[in-house]
Amino acid sequence: MGEIENDPDLREIAEGMAAQARAFLTTATQVASGAAPGAVLPLLLLALSDALAAGARLGAMGDVVPVERFEPDAGRDTDVDPLRTALAQLFDGFDDYAEITDPLVGAEVGAASLSGDLACVAECLAKGLQHYDGGRELEGLWWWQFSYVSLWGERAASALRVLQLALAHLRLDVEDDVAAEAEYDALQS
């Protein structure tokens with residue numbers, strides 16, 4: 001594994017992060033393609049939660065410092081615009097949302113979009129994979145950690161909240177007679 005083969009802990013973290021990045025990218029791409037129309041929210045909720053758990057591990061550990069003090073060119077950036085566009089169409093009607101920009105410094109409300117957040121996460125994870133797959137595993141790990149703390153961790157957390165709320169609205173915002181009938185059916189079975 002090149003530059004991190006002598007550190008089994010870093011190797012394990014890098015391998016785990018690479019697997020989570022691939023899983024997220026695969027799920028997001030499949031969902032955006034329309035391959036899972038009845039499971040969009042649950043699939044994205046799971047994939048994003050898993051990516052955030054892996055990212056949290058990166059955020060909790062000490063800084064990863066690559067051998068070289070500059071970021072080598074990993075090649076062309078992954079074009080996430082098709083993913084963003086497909087997700088925006090999929091989330092038509094609830095893609096845009098309001099959020100507190102930085103709750104630690106004030107209550108300023110900003111605008112965000114679910115499709116933009118998911119595309120941002122995808123772009124950051126894909127860039128780390130470019131380094132990782134190019135044999136620069138430590139550089140990939142550094143990129144995932146840096147971009148988790150500076151960008152994708154926050155965007156993923158915001159998107160996760162919106163996905164969870166959308167799921168809650170779908171499951172809980174039902175007419176009283178529909179809820180009563182469902183409750184009756186559940187009690188009778």
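With respect to helix H5 (residues 137-172)
- For H5, which comprises 36 residues, the first-to-last C-alpha distance of 44 Å sits more than 12% below the rise-based estimate of 52 Å (1.5 Å per residue).
- In H5, a bend of some 70° at Tyr148 exceeds every other bend along the element.

Structural notes on the side chain of Gln145
- Tracing the sequence through the fold places Gln145 in helix H5.
- A distance of 2.9 Å separates a polar atom in the side chain of Gln145 from the backbone oxygen of Leu58.

Let's talk about the packing of aromatic side chains
- Under the definition given, this model contains six aromatic pairs.
- Between Tyr132 and Trp144, the ring centres sit 5.8 Å apart and the planes meet at 40°, which makes this aromatic pair tilted. Pair noted here: Tyr132 is in helix H4 (residues 114-133) and Trp144 is in helix H5, with a separation of twelve residues, a long-range link.
- Trp144 gets classed as buried once you look at its relative accessible area, which sits at 0%.
- Ring centres of Trp142 and Phe146 lie 5.3 Å apart, and the angle between their planes is 5°; on these two criteria the pair is classed as stacked. Taken together, the residues span about one helical turn, with Trp142 and Phe146 both in helix H5 at a distance of four residues.
- According to the relative accessible area criterion, Phe146 is partly exposed, its value standing at 41%.
- Through pairs of rings, three or more aromatic residues link up here, namely Trp142, Trp143 and Phe146.

Some details on the nonpolar core
- Of all hydrophobic cores here, the largest spans 51 residues; its most connected members are Phe24, Leu48, Leu118, Leu125, Leu141, Trp144 and Trp152.
- Of all the elements, H5 adds the most residues to this core, at twelve residues.
- Among all residues touching Trp144, those that are not within four sequence positions of it are Ala14, Met17, Ala18, Ala21, Leu58, Cys124, Leu125, Gly128, Leu129, Tyr132 and Trp152.

Considerations on the environment of Ser150
- Take Ser150: it is sitting in helix H5.
- Among the polar contacts made by the side chain of Ser150, one reaches the main-chain carbonyl oxygen of Phe146 at a distance of 2.8 Å.

Considerations on the packing of helix H1 (residues 8-32) against H5
- The interhelical angle for the contact between H1 and H5, taken along N-to-C directions, is 60°, at an axis separation of 10 Å. As H1 runs across H5, the sense of the crossing is left-handed. When H1 is examined against H5, the residues Leu10, Ile13, Ala14, Met17, Ala18 and Ala21 are found in contact with a partner set consisting of Leu138, Leu141, Trp144 and Trp152.

Re helix H3 (residues 81-90)
- Looking only at H3, the buried set comprises Leu83, Ala86 and Leu87. In a view along the axis of H3, the buried residues occupy a sector of 100°, so they form one face of it.
- Those residues of H3 that are buried lie in contact with H1 and H4.

The rules behind each value
- Residues numbered from 1 in each chain as written.
- Predicted model: local features only at pLDDT ≥ 70, side-chain atom pairs only at ≥ 80, totals over all residues.
- Heavy atoms only, no water.
- Helix = DSSP H or I, 4+ residues; strand = E, 2+ residues; numbered from the N terminus.
- Expected span 1.5 Å × (residues − 1).
- Bend = angle between axes of the 7 residues up to and from the residue.
- Polar contact = N/O pair within 3.5 Å; in protein donor to acceptor, adjacent residues only side chain to side chain.
- Phe/Tyr/Trp six-rings, centres within 6.5 Å; stacked < 30°, edge-to-face > 60°.
- Buried < 20%, exposed > 50% of the residue type's maximum accessible area, 1.4 Å probe, protein only.
- Core = buried A, V, L, I, M, F, W, Y, C linked by side-chain atoms within 4.5 Å.
- Contact = heavy atoms within 4.5 Å.
- Axes fitted to C-alpha atoms, helices over the stretch in contact; angles between N-to-C directions.
- Left-handed = near helix turned anticlockwise from the far one by under 90°.
- Arc of directions from axis to C-beta.

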